[in-house]
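# Results of the structural survey
Here's the letter readout for the chains.
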Amino acid sequence: MALLRAHHLLRPRAALSSRPPSLSSSPCRRGVLPSTATSTSSSRLLCSHHAASPPDASASPSIVADLLDYLNESWTQFHATAEAKRQLLDAGFTLLSENDDWDLQPGGRYFFTRNMSCLIAFAVGEKYKLGNGFNIIAAHTDSPCLKLKPRSASFKSGHQMVNVQTYGGGLWHTWFDRDLTLAGRVILKDAYGSFKHKLVKVSRPLIRVPTLAIHLDRTVNSDGFKPNLENHLVPLLATKHEETTANSSEKSSPSSSKVVHHSLLLQVLSDEIGCKSDEIIGMELNVCDTQPSCLGGGNNEFIYSGRLDNLASCYCALRSLMDSSKMPEELSNEKAIRMIALFDNEEVGSNSMQGAGAPTMFHAMRRIVDSLMHQSMGEGALERALNSSFLVSADMAHALHPNYPDKHEEHHRPELQKGLVIKHNANQRYATSAVTAFLFKEIARLHNLPVQEFVVRNDMGCGSTIGPILASGVGIRTVDCGIPQLSMHSVREMCGKEDVDTTYKHFKAFFEMFSDIDRKLNVDF
């Protein structure tokens, strides 16, 4: 939840993330205790000293282990989109380009990416007719983080430091004393003068923001930790004496304005990518925590991870679309178009070409209708489709904090492990209405799924989501909902394992049955 409002070349999965030997061999990487790693190849790591409980044969399969894999692949919005792309291709979806003509067919499954940080995927019902609607789940791929400044090299008291800027409304004190690294994308120039976009992930701890010792700040526990974000939130890379030039033997003055990025940093990136330092001509890098996502708690019931807001929603949406359209017969009776839209830049207001404030989703809907129209001409086909459409805006929700219960409105206190949270706000910070809430809750009722509701206290400000942006920009009925979580916008967040599976079931049921439920309610008659 926000406090405010390059085409990627297809590569094998191994190229999308650089998994280090140190992590791939760790017991916190791929789901098994060391003693069982060689005998249980299908087991997954829970990052716990205790093995997982044996699965209940009568229960529905859990997606939690797959979510952990997705989170551990998706250190940045670029990696999250690339991993979603890989999974969609593996599931048989067809990759489209926004620059090409689209030849779509009923029963087809398609997707495209924008900026490799925004993705839209959809499956066309076999019984689709002009004017039928879109059933959409929308989420966002970005999370609050630190990002490298365009000129990242700085020197302080004999140390090489990395200049960063804050992105979104993060709990910045949680980034101190963490084993941090860098990930994102770079632009490379080859020997023939061509350019290419490549993802990079430095998997080892590379940088750190150390706190000041209490001996030098005796009042920190009584007065609070109040760092200056420009002066004190600067990661340390190395000591100054290791500074060398990136592409020649000529020495640079440490204070020279020509030093844009430390040559040591460029060397680390080039080693990771497998190129020369002088081939790197542009970069967009996030600071990332190296600790892997995992299960925790006395009963292994919690997910501990960075970027749960909002990659947990992204994965539940992605998985529900793929699983609800896996076989041809699953679309044989569908009259609508099932769609997911994963946007970037929600944490800073969505005002970008890859954000929800851009007309990306609306343009996609128009092109889909136009392509499926073929030779028949239908009056107001797109407008009728929009009027029949429904959007689920999925963004994480605030769970009741047991140490701060007074921060919640008395009668609206969502809890962990109690199901999806439907968000309401009379001032339209959320786009939920009585009608959209009823329709979404009806799906849960028919599948015996728990649902909770949230309203912020009148004496507190309310965040917002992409829901109102899309509802007003596209003109589509919308419900805002989210998985309850704690530590939102921290470098390390947590949510309930059961809520992830409940959300997946709710989203999958939405795709499979919303068209039938919607026909039973007529508001504008």
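Residues numbered from 1 in each chain as written. Predicted model: local features only at pLDDT ≥ 70, side-chain atom pairs only at ≥ 80, totals over all residues. Heavy atoms only, no water.

An unreviewed UniProt entry annotates the protein as aspartyl aminopeptidase originating from Oryza meyeriana var. granulata. What UniProt records for the protein under Cofactor (unreviewed entry) is the sentence "Zn(2+)". Listed under Catalytic activity (unreviewed entry) in UniProt, the entry text for the protein is "Release of an N-terminal aspartate or glutamate from a peptide, with a preference for aspartate." (UniProt positions renumbered as here; feature names shortened; annotations may be inferred.)

This model, assessed by the stated rule, comprises 19 salt bridges. Residues participating in the shared-partner salt-bridge network are Asp66, Arg319, Asp323 and Lys326. (Salt bridge = Lys/Arg side-chain N within 4 Å of Asp/Glu carboxyl O.)

This next bit is on the side chain of histidine 408. Of note, histidine 408 is situated in the loop between strand S15 (397-398) and strand S16 (420-423). For histidine 408, the residues in contact, after removing those within four places along its chain, are His398, Ala399, Leu400, His401, Arg413, Pro414, Phe454 and Arg457. (Helix = DSSP H or I, 4+ residues; strand = E, 2+ residues; numbered from the N terminus. Contact = heavy atoms within 4.5 Å.)

Bringing the sheet that holds strand S19 (residues 484-486) into the picture now. The strand order S11-S12-S20-S19-S15 describes an open sheet built from five strands, whose pairing is mixed. In this open sheet, the two edge strands, each paired with only one partner strand, are strand S11 (294-296) and S15. Bridge count between strand S12 (residues 302-305) and strand S20 (residues 493-496): four bridges; the pairing is antiparallel. For serine 305, the partnering residue across the bridge sits in S20 and is glutamate 493. On the sheet, helix H7 (residues 308-324) packs against S12, S19 and S20 and is oriented at approximately 40° with respect to S20. (Pairing = 2+ DSSP bridges. Axes fitted to C-alpha atoms, helices over the stretch in contact; angles between N-to-C directions.)

Turning our eyes to something else, we now look at the packing of aromatic side chains. Overall, the coordinates contain twelve aromatic pairs when judged by the stated rule. Between phenylalanine 302 and tyrosine 304 the ring centres are 6.4 Å apart and the planes differ by 25°, which places this aromatic pair in the stacked class. Relative accessible area serves as the criterion here: at 18%, phenylalanine 302 is assigned to the buried category. Classification of tyrosine 304 as partly exposed rests on a relative accessible area of 28%. Here the aromatic rings of phenylalanine 510 and phenylalanine 514 are separated by 5.3 Å at their centres, their planes lie at 50°, and the arrangement is tilted. Note that phenylalanine 510 and phenylalanine 514 are positioned in helix H12 (residues 497-518) at a spacing of four residues, about one turn of the helix. Grouping residues by exposure puts phenylalanine 510 and phenylalanine 514 together as buried. Here arginine 319 stacks its cationic end above the ring of tyrosine 504, 6.0 Å away from the centre of that ring. (Phe/Tyr/Trp six-rings, centres within 6.5 Å; stacked < 30°, edge-to-face > 60°. Buried < 20%, exposed > 50% of the residue type's maximum accessible area, 1.4 Å probe, protein only. Lys NZ or Arg CZ within 6 Å of the ring centre and 35° of its normal.)

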